[in-house]
Amino acid sequence: MSTRYDLSNPDSREEGVAAAVAALRRGLLVVLPTDTVYGIAADAFDSEAVQRLLDAKGRGRDMPPPVLISATTTLEALATDLPGWTQGLTEHFWPGPLTIVCRQQPSLRWDLGETRGTVAVRMPDHEAALDLLGRTGPLAVSSANVTGEPAATDADAAERMLGGAVEVILDGGPTAGSVASTIVDCTGGQARILREGAISATVLGSVLERLGTRLEDPGVA
């Protein structure tokens, strides 16, 4: 049975974040709020914990979870062969609802699923999430829902779907938005949208043009 902590109360917040850190270090799962939707998190470097995350969602290894980080500098430790314009994207949109798919560093010792040598990375624009990530390091985080159900936008929905599978639920109230992040493939010569979410193709394309490149196919959602 999961324990829920109210992040609006300073005392409960510190207790909750500390409990979440302890749970993650033991290989257990945590629900946390982000700037888009609630997420279910596991230690990215604990393959058994990542598998628990996939099992909780009813998802196969063919759908590996993204990794959330607390600082843009961490990207260089996780990714390699980054196009020059990637830095421009992260400077403009991070922290925020942009997930970038990169080629992962070959030295990384983790198992996120069938990634084909890539990793999806995001820095969320949420104070409590960044606090947690700053204490734990990179976390494998997927939307807090059972596959096929809408992503949770409040702790009640997350608890209803995943309460039996997680150790800690951090309740940050309703999320500011209900749309998932935009996912951009940065493994090629040009950016390609894999999922259009909170950042539109129009906005993304405009920023890329200022960076001297363009979207490979702005119409892909």
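Right, let's walk through the structure included here.

Criteria and thresholds
- The residue numbers shown here count from 1 along each chain, following its written sequence.
- Under the rules for a predicted model, residues below a pLDDT of 70 receive no local features and side-chain atom pairs below 80 are neither given nor counted, while totals for whole chains, interfaces and linings still include all residues.
- Side-chain measures were taken over the full set of non-hydrogen atoms in the model, leaving aside hydrogen atoms and water.
- Segments assigned H or I by DSSP are reported as helices when at least four residues long, segments assigned E as strands when at least two residues long, and all are numbered from the N terminus.
- Only protein chains enter the accessibility calculation, which uses a 1.4 Å probe; a residue whose area is less than 20% of its type maximum is buried, one above 50% is exposed, and one in between is partly exposed.
- For this analysis, residues touch if any pair of their heavy atoms sits within 4.5 Å.
- Pairs of N or O atoms within 3.5 Å make up the polar contacts considered here, provided that, within protein, one atom can donate a hydrogen while the other can accept it, and that residues adjacent in sequence are counted only when both atoms are side-chain atoms.

**Overview of unusual backbone geometry**
Item 1. Each neighbour pair has its own omega, and for Trp94 with Pro95 the value is -5 degrees, a cis peptide bond.
Item 2. Secondary-structure assignment places Pro95 in the loop between α4 (84–93) and β6 (98–104).
Item 3. A positive phi angle, close to 55 degrees, is found at Asp81, a residue other than glycine.
Item 4. Within the secondary structure, Asp81 is located in the loop between β5 (79–80) and α4.
Item 5. Accessibility expressed as a relative area gives 60% for Asp81, which makes it exposed.
Item 6. One non-glycine residue, Arg116, adopts positive backbone phi at about 55 degrees.
Item 7. Mapped onto the elements of the fold, Arg116 is located in the loop between β6 and β7 (118–122).
Item 8. Classification of Arg116 as exposed rests on a relative accessible area of 76%.

**With respect to the environment of Thr187**
Item 1. Structurally, the position occupied by Thr187 is in the loop between β10 (182–185) and β11 (192–195).
Item 2. As for Thr187 and Asp125, which are separated by 62 residues in sequence, their C-alpha atoms are 24 Å apart.
Item 3. Contacts of Thr187, omitting those with residues within four sequence positions, involve Val101, Cys102, Arg103 and Thr118.
Item 4. Here the side chain of Thr187 touches Asp185 through a polar contact of 2.6 Å, side chain to side chain.

Any link to function would need more than the numbers given here.
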